[in-house]
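As a plain string of letters, each chain reads:
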Amino acid sequence: MVDYLIVGAGLSGSCLSYRLEKSGKSFLVFDDGSQEASKVAGGFMNPVILKRFTLAWNADRQLEKAYDLYRGMERSLNKSFLSPLEVYRRFSSVEEQNNWFSATDNPRVSPYLDPKIISSVNEHVPGRFSFGRVLGISRLNTRYLLDSYAEHLQKNGWLRQERFEYEHLSFTDHGVVYKDIPAKNVIFCEGFGLKDNPFFQYLPLKGNKGEYIIIKAPGLDLNAAIKSSVFIFPVGDDQYAVGATYSNTDKSRSPSASAKEELVEKLKDLIDVKFEVVHQIAGIRPSTIDRKPLVGGHPVYDHLYTCNGFGSRGILLAPSLSEELLAHIEEQQPLDPMIDISRFTKKWYKEN
Ligand SMILES: Cc1cc2nc3c(=O)[nH]c(=O)nc-3n(C[C@H](O)[C@H](O)[C@H](O)COP(=O)(O)OP(=O)(O)OC[C@H]3O[C@@H](n4cnc5c(N)ncnc54)[C@H](O)[C@@H]3O)c2cc1C
């Protein structure tokens with residue numbers, strides 16, 4: 001008997017497993033590599049919405065929890081996943097520049113926005129208007145973190161690299177049995193894979209495909225990230241990640257020619273040096289119709305939970321929402337109604 005089965009080892013499932021491990025609970029994780037949103041993510045731990053210069057929902061608390069958890073993982077695994085990153089916003093109009101100035105007067109956002117505007121960040125990144133510096137941003141190397149944590153889980157016998165087959169789940173008075181494994185609870189963290197989950201597919205998960213191109217640009221010599229109509233940031237060896245795209249129609253996992261074309265066009269407007277596209281990556285963001293996460297227990301099956309719906313900012317959300325969900329299950333703490341899936345139960349759940 002294990003305390004928990006966790007389905008999915010993206011950011012959501014890995015933050016949950018890490019918390020279970022630290023609290024001495026027994027668990028088994030399943031992952032079949034069918035989704036990659038966490039691994040292809042840009043990795044920005046950014047509380048500021050750079051379109052509007054406002055703070056994301058609950059950002060201060062989430063940032064604190066995120067640093068706590070990822071630093072803890074770094075110590076546990078003796079590896080480094082977080083690094084500070086200089087981030088600049090290239091303004092596209094005087095109006096945008098003025099909005100930045102107004103935002104620096106807001107005491108909630110001002111700690112993250114440098115009021116001093118600068119005219120140039122790099123000679124190969126021309127700007128008709130100036131640049132604003134976003135303060136206190138770190139980048140999480142999500143692929144390295146998730147691969148390292150999976151290796152740790154594997155070594156301890158806590159990971160099965162296989163598909164969780166929903167039809168093999170049965171229910172008892174005190175929990176569930178998956179194949180021959182009895183467990184007290186199951187938490188489903190399949191990202192966009194939730195669409196195949198017969199217990200939770202009633203939830204309004206939309207999915208939004210995002211792609212990055214990786215370019216080689218030896219003449220650029222850029223050490224910071226710049227946000228314009230796309231983000232560009234250095235990934236080492238004269239290479240830069242450029243993205244991401246947003247598509248609500250294409251839900252395939254493979255990189256597309258149209259995204260590459262879009263990103264190349266936007267990049268040409270951002271830098272004035274030669275570059276070559278060396279790689280392209282894609283993932284489906286598990287976005288929701290109200291842009292809020294999907295966390296909580298199944299309306300009928302007592303021992304089934306989900307921690308999903310991180311369409312954006314999963315890096316900030318997963319550490320705090322994994323804590324909230326476990327407090328809900330273990331200590332019956334109420335969930336924030338904004339994230340609780342019960343907001344959809346009445347309208348969306350229909351028992352067959
Ligand atoms: C291009 C792009 C850029 C992004 N940039 C950022 C960023 O800079 N900052 C940020 O905070 N967020 C970013 N995001 C969003 C972020 O990636 C997501 O919020 C987050 O990664 C979602 O994590 P998840 O664990 O819920 O889902 P996923 O990462 O999709 O993980 C789900 C896991 O479940 C597994 N799985 C699914 N079904 C099954 C099954 N039946 N059996 C076994 N395993 C299964 C999959 O293999 C996968 O490993 C970005 C997303 C994309 C696509």
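Please read all numbers here as calculations on a predicted model, not as lab measurements.

When you go through the chain residue by residue, the secondary structure sums to eight helices and 20 strands. By the compact-globule yardstick of 20 Å for 352 residues, the chain fits well, its C-alpha radius of gyration being 21 Å. Taken along its principal axes, the extent of the C-alpha atoms in the chain is 65 × 40 × 40 Å. Taking all 352 residues of the chain together, 54% fall into the buried category. A separation of at least 24 residues holds for 72% of the contacts in the chain among residues at least 6 apart in sequence. On the chain, roughly 16400 Å² of surface is accessible, and the fraction owed to carbon and sulfur atoms is 47%. Once the 43 positive and 44 negative side-chain charges of the chain are each reduced to a mean point, those two points are 3 Å apart.

The next subject is the UniProt feature "domain: FAD dependent oxidoreductase" (unreviewed entry) in the chain. The feature "domain: FAD dependent oxidoreductase" (unreviewed entry), as given by UniProt, occupies residues 3-324 in the numbering adopted here. With 26% helix and 27% strand, the stretch residues 3-324 has end C-alpha atoms that lie 17 Å from each other.

The subject of this paragraph is the sheet that holds strand β18 (residues 276-285). Strand order in the open sheet made by the seven strands is β8-β7-β15-β16-β17-β14-β18, with mixed pairing throughout. Every other strand in the sheet has two partners, leaving β8 (131-134) and β18 as the edge strands with one partner each. Direction aside, the axes of adjacent strands within the sheet are offset by 25° on average. Bridge count for strand β14 (residues 208-216) against β18 is nine bridges, and the pairing is antiparallel. Residue pairing in the sheet places Glu 211 in a bridge with Ala 282 of β18. Against the sheet, helix α6 (residues 257-268) makes contact with β14, β16 (231-236), β17 (239-243) and β18, and its axis sits at roughly 55° relative to β14, the strand it touches most.

Our focus in this paragraph is the packing of helix α3 (residues 59-77) against helix α5 (residues 142-155). Look at α3 against α5: their axes get within 11 Å of each other, and the N-to-C directions meet at 50°. Taken together, the axes of α3 and α5 lie oblique to each other. Where α3 crosses over α5, the handedness of that crossing is left-handed. Across the interface between the two elements, Tyr 70, Met 73 and Leu 77 from α3 touch Leu 145, Ser 148, Tyr 149 and His 152 from α5. Looking at the contact of α3 with α5, its residues break down into five nonpolar, two polar and no charged.

Working definition of a disulfide: a covalent bond connecting the sulfur atoms of two cysteines. In this structure the tally under the stated criterion is zero disulfides. There is no disulfide at Cys 15, and the cysteine sulfur nearest it, in Cys 307, is 8.5 Å away. Note on Cys 307: no disulfide assigned, nearest cysteine sulfur contributed by Cys 189 at a separation of 5.5 Å.

To continue, consider the site of the ligand. Near the ligand there are 36 residues, and of these Asp 31, Ser 34, Ser 38, Phe 164 and Phe 310 occur at the shortest range. Here Ala 37 contributes a backbone N or O atom positioned 3.0 Å from an oxygen atom of the ligand. Contact with the protein chains covers 96% of the free accessible surface of the ligand, which is 1000 Å². Breaking the shell around the ligand down by element, the ones donating at least two residues are α1 (11-22), α2 (37-40), β14, β18 and α7 (314-331). Looking at which element gives the most residues to the shell around the ligand, the answer is α2, with three residues. For the shell around the ligand, the class distribution of residues is 16 nonpolar, 13 polar and seven charged. When residues of the shell around the ligand are assigned to domains, at least three fall in each of domain 1 (2-42 + 143-205 + 289-348) and domain 2 (208-285).

Using the criterion set out here, one finds 21 aromatic pairs in the structure. Both rings, one in Phe 44 and one in Phe 233, keep their centres 5.0 Å apart while their planes meet at 85°; by these two values the pair is edge-to-face. In this pair, Phe 44 is assigned in strand β3 (residues 44-45) and Phe 233 in strand β16, connecting sequence segments 189 residues apart. An aromatic cluster of at least three residues, connected via ring pairs, comprises Phe 30, Phe 164, Tyr 166, Phe 171, Tyr 178, Phe 188, Phe 199, Phe 200 and Tyr 301. Above the face of the Phe 231 ring, Lys 227 is positioned so that its terminal group lies 5.9 Å from the ring centre. Note that Arg 285 overlies the ring of Tyr 246, its terminal NZ or CZ placed 3.9 Å from the centroid.

Attention now goes to the domain arrangement of the chain. The domain boundaries assigned to the chain delineate domain 1 (2-42 + 143-205 + 289-348) and domain 2 (208-285). Facing the nine residues of domain 1 at the interface are nine residues of domain 2. Taken over both partners, the interface formed by domain 1 and domain 2 buries close to 840 Å², and the fraction arising from carbon and sulfur atoms is 61%. For the domain 1 face of the interface with domain 2, the top three residues by lost area are Val 40, Gly 42 and Phe 192, together amounting to 52%. Our count for the domain 1 to domain 2 interface comes out at zero salt bridges. Joining domain 1 to domain 2, the criterion identifies two residue pairs in polar contact (both at pLDDT 80 or more).

Criteria and thresholds
- Residues numbered from 1 in each chain as written.
- Predicted model: local features only at pLDDT ≥ 70, side-chain atom pairs only at ≥ 80, totals over all residues.
- Heavy atoms only, no water.
- Helix = DSSP H or I, 4+ residues; strand = E, 2+ residues; numbered from the N terminus.
- Rg over C-alpha atoms; globule rule 2.2 N^0.38 Å.
- Buried < 20%, exposed > 50% of the residue type's maximum accessible area, 1.4 Å probe, protein only.
- Contact = heavy atoms within 4.5 Å.
- Areas by Shrake-Rupley, 256 points an atom, 1.4 Å probe, with all protein chains shown as cover.
- Lys, Arg positive; Asp, Glu negative; His and termini not counted.
- Charge placed at Lys NZ, Arg CZ, Asp CG, Glu CD.
- UniProt positions renumbered as here; feature names shortened; annotations may be inferred.
- Pairing = 2+ DSSP bridges.
- Axes fitted to C-alpha atoms, helices over the stretch in contact; angles between N-to-C directions.
- Parallel < 35°, antiparallel > 145°, perpendicular 65-115°, else oblique.
- Left-handed = near helix turned anticlockwise from the far one by under 90°.
- Nonpolar A, V, L, I, M, F, W, Y, C, P; charged D, E, K, R; others polar.
- Disulfide = S-S within 2.5 Å.
- Near = heavy atom within 4 Å.
- Polar contact = N/O pair within 3.5 Å; in protein donor to acceptor, adjacent residues only side chain to side chain.
- Domains from an automatic or database assignment.
- Phe/Tyr/Trp six-rings, centres within 6.5 Å; stacked < 30°, edge-to-face > 60°.
- Lys NZ or Arg CZ within 6 Å of the ring centre and 35° of its normal.
- Buried area = accessible area lost by both parts, 1.4 Å probe.
- Salt bridge = Lys/Arg side-chain N within 4 Å of Asp/Glu carboxyl O.

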